[in-house]
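# Structural overview for review
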Amino acid sequence: RDVNRELVAASTREEIESAVGEQFASSDLFDAAWIGSRGLVDGTVSPRSWAGTDVDSVDGNVETLCTGDRTPFERALEGNGPVFTDSGGGVSRTPNEEGSVVVPLAYRGAEYGVLVVVTDNPSAFDQVECGIFAELGRTVADAISAVESKRTLASDRVTELEFQLAGI
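We now turn to the structure provided with this report.

Calculation rules
Residues numbered from 1 in each chain as written. Predicted model: local features only at pLDDT ≥ 70, side-chain atom pairs only at ≥ 80, totals over all residues. Heavy atoms only, no water. Helix = DSSP H or I, 4+ residues; strand = E, 2+ residues; numbered from the N terminus. Contact = heavy atoms within 4.5 Å. Areas by Shrake-Rupley, 256 points an atom, 1.4 Å probe, with all protein chains shown as cover. 1 Å grid on protein atoms, 1.4 Å probe; cavity = no way out; pocket = protein on both sides within 12 Å on 5 of 7 lines; lining within 4 Å. Points joined across faces, edges and corners; volume = space filled by probe spheres on them. Phe/Tyr/Trp six-rings, centres within 6.5 Å; stacked < 30°, edge-to-face > 60°. Buried < 20%, exposed > 50% of the residue type's maximum accessible area, 1.4 Å probe, protein only.

### Topic: the overall build of the chain
What the chain contains, in helices and strands, is 5 helices and 6 strands. Seen in sequence order, the chain has helices and strands lined up from the N terminus as α-α-β-β-α-α-β-β-β-β-α. A sequence separation of at least 24 residues applies to 51% of the contacts in the chain between residues at least 6 apart. In the structure as shown, the chain presents an accessible area of about 10,100 Å², 47% of it carried by carbon and sulfur atoms.

Here's what the structure looks like:
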């Protein structure tokens, strides 16, 4: 509920991402939260914003979650549902005692990245239902879509792209 209140008050994507991270990081259940986006060229995930920990810890968490054939990021974004991991990066569809949850941020076919919530508390994920994380991901993505649409509609600038295909 606190996250939803922050989403309503936010007017930019940066404010949304910051507010979501701060709400989780300030909770007694979780240690850190960060939002990452997937690179267009190589598909790697990189943090856009984080709260509750220093950047070195976030980088370590990103590295752990980016190992393997199908990473938790890929599973979450392809499956449109939260993916829980243990502290070693092992993947599960149900909460583990400690680790993280990777929540896809997707709305109407648009991908806005992932929300990762990290905890060392063995009972943290027992206290928050899996469906709440899934709904939160859709809500955050909807809020990002809304502020980006509003910004586009209010803009007085236009960008024109011209493509030329040769040899086809």
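### Points about the layout of surface pockets
Volume-wise, the largest pocket comes out at about 370 Å³. With 5 residues, the single largest contributor to the lining of the largest pocket is helix 5 (residues 130-154).

### A closer look at the packing of aromatic side chains
Working definition: an aromatic ring pair is given by the centre-to-centre distance plus the angle between the planes. Summed over the entire model, instances satisfying the criterion amount to 5 aromatic pairs. With a centroid separation of 6.2 Å and 20 degrees between ring planes, the pair formed by phenylalanine 24 and phenylalanine 133 is classed as stacked. Pair noted here: phenylalanine 24 is in helix 2 (residues 13-25) and phenylalanine 133 is in helix 5, with a separation of 109 residues, a long-range link. Comparing phenylalanine 24 with phenylalanine 133, the two get one shared label, buried.

Without other data, these values stay purely geometric and don't point to any function.
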